[in-house]
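# An overview of the molecular structure
If you want the building blocks of each chain, they are given just below.
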Amino acid sequence: MKEFEIKSLVKEYSYDELSDLDRRLVECAKEATRRAYAPFSKYQVGAAILLDNGKIVEGSNQENAAYPSGLCAERTAAFYASSANPGIAFRKLAIAAWIDPGIDKDQEEGFQKNPVSPCGGCRQALLEYEYLYGDIEVILYGKEKIYILPSIKSLLPFSFTNF
């Protein structure tokens, strides 16, 4: 048997420590939560992607009674960014989540206290854009702390790469 450890670099910031650009991207992700359609989970997620041309593209989760026909905020933003801006690289991604009362007994209504992270499906979808364009910095927003990771690969060390 061989044992090894996998590590990812994660930097923790407060909101005030972010660069102006990163704060702008986080604010876009937070604003996108308002456009979420989440009547079932009451968990509104927003994502914002900074493109290489400086444009910011937003997305929000869109639920559907025919679960799992809905779509996460991260993929909504990525698919829209790619279709509306073909060939333009993604440089940064910010994610935020708004929680309605009753979802988490340890959390009052509002933006999630701790950073929100993308699901496995979103990680894989985003990783494919990273293979196309190079590293995509990830900003995971939480009211009490913010995590910044250097790439999507940091979130998915054992990715499916045979495509």
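As a reminder, the structure under discussion sits directly above these lines.
Reading the values: rules and limits
- Residues numbered from 1 in each chain as written.
- Predicted model: local features only at pLDDT ≥ 70, side-chain atom pairs only at ≥ 80, totals over all residues.
- Heavy atoms only, no water.
- Helix = DSSP H or I, 4+ residues; strand = E, 2+ residues; numbered from the N terminus.
- Rg over C-alpha atoms; globule rule 2.2 N^0.38 Å.
- Pairing = 2+ DSSP bridges.
- Buried < 20%, exposed > 50% of the residue type's maximum accessible area, 1.4 Å probe, protein only.
- Lys, Arg positive; Asp, Glu negative; His and termini not counted.
- Salt bridge = Lys/Arg side-chain N within 4 Å of Asp/Glu carboxyl O.
- Contact = heavy atoms within 4.5 Å.
- Patch = residues over 30% accessible without salt bridge, like charges linked within 9 Å, V, L, I, M, F, W, Y side chains within 5 Å.
- Areas by Shrake-Rupley, 256 points an atom, 1.4 Å probe, with all protein chains shown as cover.
- Axes fitted to C-alpha atoms, helices over the stretch in contact; angles between N-to-C directions.
- Parallel < 35°, antiparallel > 145°, perpendicular 65-115°, else oblique.
- Left-handed = near helix turned anticlockwise from the far one by under 90°.
- Nonpolar A, V, L, I, M, F, W, Y, C, P; charged D, E, K, R; others polar.

## Remarks on the overall build of the chain
A count of helices and strands for the chain gives three helices and seven strands. Starting at the N terminus, the α and β elements of the chain follow one another as β-α-β-β-α-β-β-α-β-β. In terms of overall dimensions, the chain is globule-like: its C-alpha atoms have a radius of gyration of 16 Å, near the 15 Å expected for 163 residues. For the chain, the spread of C-alpha atoms along the principal axes amounts to about 40 × 40 × 40 Å.

## Things to note about the pairing of strand S6 (residues 137-140)
A regular strand places its side chains on the two faces of the sheet in alternate fashion. Pairing analysis gives four bridges linking strand S4 (residues 90-99) to S6, with the strands arranged parallel. Residue pairing in the sheet places Ala-94 in a bridge with Ile-139 of S6. Bridge count between S6 and strand S7 (residues 146-149): three bridges; the pairing is antiparallel. Residue pairing for S7: Leu-140 is matched across the bridge by Tyr-147. The antiparallel hairpin formed by S6 and S7 contains five residues in its connecting segment.

## Regarding the side chain of Glu-74
Examined against the element boundaries, Glu-74 turns out to sit in helix H2 (residues 73-84). Buried charge without a partner: Glu-74 forms no salt bridge, and the closest opposite charge is Arg-75, 6.4 Å away. What Glu-74 contacts, discounting residues up to four positions off in sequence, is Val-45, Ala-47, Ile-95, Pro-118, Cys-122 and Leu-126.

## Brief notes about a nonpolar patch on the surface
The grouping of Phe-4, Ile-6 and Phe-158 at the surface amounts to a nonpolar patch, some 370 Å² of accessible area in total. Within the secondary structure, Phe-158 sits in the segment after S7.

## What to know about the pattern of salt bridges
Here the structure, examined in full by the defined rule, presents ten salt bridges. The closest approach of N and O atoms between Asp-22 and Lys-92, which form a salt bridge, is 2.7 Å. Of the two residues, Asp-22 is situated in helix H1 (residues 20-32) and Lys-92 in strand S4; the sequence distance between them amounts to 70 residues. Asp-52 is the salt-bridge partner of Arg-91, the closest N and O atoms lying 3.2 Å from each other.

## Brief notes about the environment of Pro-118
Locating Pro-118 in the fold gives a position in the loop between strand S5 (110-111) and helix H3 (120-133). Counting along the chain gives 73 residues from Pro-118 to Val-45, while the straight-line C-alpha distance between them is 9.7 Å. Contacts of Pro-118, omitting those with residues within four sequence positions, involve Glu-74, Ile-95, Arg-123, Leu-140 and Leu-155.

## Observations concerning unusual backbone geometry
Look at Lys-42: it is not a glycine, yet its phi comes out positive at around 60 degrees. By secondary structure assignment, the location of Lys-42 is in the loop between H1 and strand S2 (43-51).

## Some details on the environment of Cys-119
Take Cys-119: it is sitting in the loop between S5 and H3. Note on Cys-119: relative accessible area 33%, which makes it partly exposed. In the structure, Cys-119 is positioned 47 residues away from Cys-72 in sequence and 8.4 Å away in space, judged by C-alpha atoms. Ignoring any residue separated from it by four or fewer positions in sequence, one finds Cys-119 in contact with Cys-72 and Arg-75.

## Details of the packing of H2 against H3
Two elements in contact, H2 and H3, have axes whose closest approach is 9 Å; the angle formed by their N-to-C orientations is 25 degrees. By the criterion of interaxial angle, the relationship of H2 to H3 is roughly parallel. In terms of crossing hand, the pair formed by H2 and H3 is left-handed. Contacts between H2 and H3 involve Glu-74, Arg-75, Ala-78, Phe-79 and Ser-82 from the first element and Gly-121, Cys-122, Ala-125, Leu-126 and Tyr-129 from the second. Grouping the amino acids of the contact of H2 with H3 by side-chain chemistry returns six nonpolar, two polar and two charged.

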